[in-house]
Amino acid sequence: MSDIEIVIGEGSVTIRRSGRSAPILAQVLGLDRNPDGEVTRLWLDRLVHRPGEAWTGDWSVRGAVSSIIERVSIGAVGAFDHPPESP
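A few points on the structure.

Cut-offs and rules
Residues numbered from 1 in each chain as written. Predicted model: local features only at pLDDT ≥ 70, side-chain atom pairs only at ≥ 80, totals over all residues. Heavy atoms only, no water. Helix = DSSP H or I, 4+ residues; strand = E, 2+ residues; numbered from the N terminus. Buried < 20%, exposed > 50% of the residue type's maximum accessible area, 1.4 Å probe, protein only. Contact = heavy atoms within 4.5 Å. Areas by Shrake-Rupley, 256 points an atom, 1.4 Å probe, with all protein chains shown as cover. Pairing = 2+ DSSP bridges. Axes fitted to C-alpha atoms, helices over the stretch in contact; angles between N-to-C directions. Core = buried A, V, L, I, M, F, W, Y, C linked by side-chain atoms within 4.5 Å. Salt bridge = Lys/Arg side-chain N within 4 Å of Asp/Glu carboxyl O.

Another aspect to go through is the overall build of the protein. The secondary structure content of the protein amounts to zero helices and eight strands. Helices and strands in the protein line up, N terminus first, as β-β-β-β-β-β-β-β. The buried share of the protein, reckoned over its 87 residues, is 31%. Sequence-distant contacts, at least 24 apart, represent 31% of the contacts inside the protein between residues at least 6 apart. Surface exposure of the protein reaches about 5,800 Å², of which carbon and sulfur atoms provide 52%.

In structure tokens form, the structure reads like this:
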């Protein structure tokens, strides 16, 4: 079960966190999609997480000036994999 719910709108994103009543709203600066058209990564205009905070569920978050949200898995379609690092 996820502690984060993300709703992607037209140019914006709404983030709901378990245990908090107020949603977080942010503008989407950019996004990546997989070949099936599903969003796999979002660049936001602000930080939506605290330093060292980890999210559980389908999304992970990172960033120092603004947040970058990445989908960890995409249900039955398969996982979003990062390319292997070069030696």
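That was the structure; now back to the text.
Locating Thr-14 in the fold gives a position in strand E2 (residues 12-17). For Thr-14, a relative accessible area of 17% puts it in the buried group. Ignoring sequence-local partners within four residues, the contact set of Thr-14 consists of Glu-5, Ile-6, Val-7, Pro-23, Ile-24 and Leu-25.

This brings us to the pairing of E2. Sheet topology places strand E1 (residues 4-8) next to E2; five bridges connect them, and they run antiparallel. Paired with Ile-6 across the two strands is Ile-15, which belongs to E2. Counted between consecutive antiparallel strands, the loop separating E1 from E2 contains three residues, among which Gly-11 sits at a positive phi close to 85°. Sheet topology note: the E2/strand E3 (residues 24-33) ladder contains four bridges and is antiparallel. Within the sheet, the bridge partner assigned to Val-13 lies in E3 and is Ala-26. Between E2 and E3, which follow one another and run antiparallel, lie six residues, and Gly-19 among them has a positive phi close to 85°.

Strand order in this open sheet of six strands is E1-E2-E3-E4-E6-E5, and the pairing throughout is antiparallel. Here the strands that pair on one side only, and so sit at the sheet edges, are E1 and strand E5 (59-62). Geometrically, the sheet is characterised by an average inter-axis angle of 35° between neighbouring strands, direction not taken into account.

Core analysis: the biggest nonpolar cluster contains 15 residues, and Ile-6, Val-13, Ile-15, Leu-44, Val-48, Trp-55 and Ile-69 have the highest contact counts within it. Listing elements by their share of this core, those giving two or more residues are E1, E2, E3, strand E4 (39-44) and E5. Setting aside anything within four residues of it in sequence, one finds Ile-6 in contact with Val-13, Thr-14, Ile-15, Trp-55, Trp-59 and Ile-69.

Counted under the stated rule, the structure contains five salt bridges. For Arg-62, the salt bridge goes to Glu-70, with nearest N and O atoms at 3.2 Å. According to the relative accessible area criterion, Arg-62 is partly exposed, its value standing at 43%. For Glu-70, a relative accessible area of 7% corresponds to the buried category. Through salt bridges with shared partners, a single ionic network connects Asp-32, Arg-41, Arg-62 and Glu-70.

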